[in-house]
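An overview of the molecular structure
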Amino acid sequence: EPEVTQTPSHQVTQMGQEVILRCVPISNHLYFYWYRQILGQKVEFLVSFYNNEISEKSEIFDDQFSVERPDGSNFTLKIRSTKLEDSAMYFCASSGAGGMSLYEQYFGPGTRLTVT
Amino acid sequence: SQQGEEDPQALSIQEGENATMNCSYKTSINNLQWYRQNSGRGLVHLILIRSNEREKHSGRLRVTLDTSKKSSSLLITASRAADTASYFCATSGTSYGKLTFGQGTILTVHP
């Protein structure tokens, strides 16, 4: 069964460093998303991406964040200068395959980002 | 905000019993989706119900949606220890729009 994959599973970085989180969405999906979950809190939406551009972003997704689909398979989230409060589990999701599962968002296993 | 809020926050039952979790939201939705999350792991998609649907089934799962009350319920029948997890509802105002998650219900099924 197709699935969303994410790398790395765990990333430790120092405050102020840049990190890139990588995702490979399900191959025939058209819509891509990033969410995050701070430990013990709700899953929060960051950004959605369609047709090679951002379709929606949250207040969390400020100038320190960017997304890119550099090729036909990868979808990346970059944090330019990490802060302690960026420590969270980051989830990538994708949707839009057509048929009955058109609107279902399928999530990857997550990347746990720890900023020290 | 169209946040989903789950009730109860925690539910503890014996294997074989049914588990019912409720979700309320505040604004109109296009669809509502339920997810399961095992401790520290990813989100597993369980079921999606559209705003024009009232009930859906998938295996041991039954989801209802009452748009007049802005609420949904997830019923897991004949629960198993492996069903132990956190369960979240998530709403979307548009077909492919962002999901807004609730706080979740922690379900513990004792063998």
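To keep things clear, this report deals only with the structure shown in the data block. Everything numeric in this text was worked out from a predicted model, so none of it was measured.

Quick notes on the environment of T82(A)
Residue and element names in this part refer to chain A. Relative to the assigned elements, T82 resides in the loop between β8 (75-79) and β9 (88-95). Given a relative accessible area of 2%, T82 falls into the buried group. Setting aside residues up to four positions removed in sequence, T82 forms contacts with T13, Q14, M15, G16, Q17, V19 and V115. Polar side-chain contacts of T82 include one of 3.2 Å to the backbone oxygen of Q14.

Observations concerning the sheet that holds strand β3 (residues 19-24) of chain B
All names here are of chain B. The antiparallel open sheet is built from 5 strands, whose spatial order is β1-β3-β8-β7-β6. Each having just a single partner strand, β1 (5-7) and β6 (55-58) make up the two edges of the open sheet. Averaged over all neighbouring strand pairs, the angle between strand axes comes to 20°, with direction disregarded. With 3 bridges joining them, β1 and β3 adopt antiparallel strand pairing. Looking at β3, one finds that E6 is bridged to C23.

A look at the state of the cysteines
Taken as a whole, this structure holds 2 disulfides over all chains when the rule is applied. The partner cysteine of C23(A) in its disulfide is C92(A), sulfur to sulfur 1.9 Å. Disulfide C23(A)-C92(A): the torsion about the S-S bond is -60°, which places it as left-handed. With C23(A) in strand β3 (residues 19-24) and C92(A) in strand β9, this residue pair connects regions lying 69 residues apart in the sequence. Residue C92(A) is classed as buried on the basis of its relative accessible area of 0%. A sulfur-sulfur distance of 2.0 Å marks the disulfide that ties C23(B) to C89(B).

Cut-offs applied
Every chain is numbered independently, its residues counted from 1 as its sequence is written. Ligands are numbered from 1 and chains lettered from A, in the order in which they are written. Local features in a predicted model are, by the rule used here, given only for residues with pLDDT of at least 70; side-chain atom pairs are given and counted only at 80 or more, and totals for whole chains, interfaces and linings are based on all residues. Excluded from the side-chain calculations are hydrogens and water; all other atoms, namely the structure's heavy atoms, are used. Only DSSP runs of H or I covering at least 4 residues are called helices, and only runs of E covering at least 2 are called strands; the numbering of each starts at the N terminus. To sort residues, take the accessible area from a 1.4 Å probe on protein chains only and compare it with the maximum for the residue type: under 20% means buried, over 50% means exposed, and anything in between is partly exposed. Two residues qualify as a contact provided that any one of their heavy atoms is within 4.5 Å of a heavy atom in the partner residue. Polar contacts here mean pairs of N or O atoms no more than 3.5 Å apart (in protein, one a potential hydrogen donor and the other a potential acceptor; neighbouring residues in sequence count only if both atoms are side-chain atoms). A strand pair is defined by DSSP finding two or more bridges across the two strands. Axis lines are fitted to C-alpha atoms, over the contacting stretch for helices. Their N-to-C directions set the angle, which ranges from 0 to 180 degrees. Our working definition of a disulfide is a cysteine sulfur pair at a distance within 2.5 Å.

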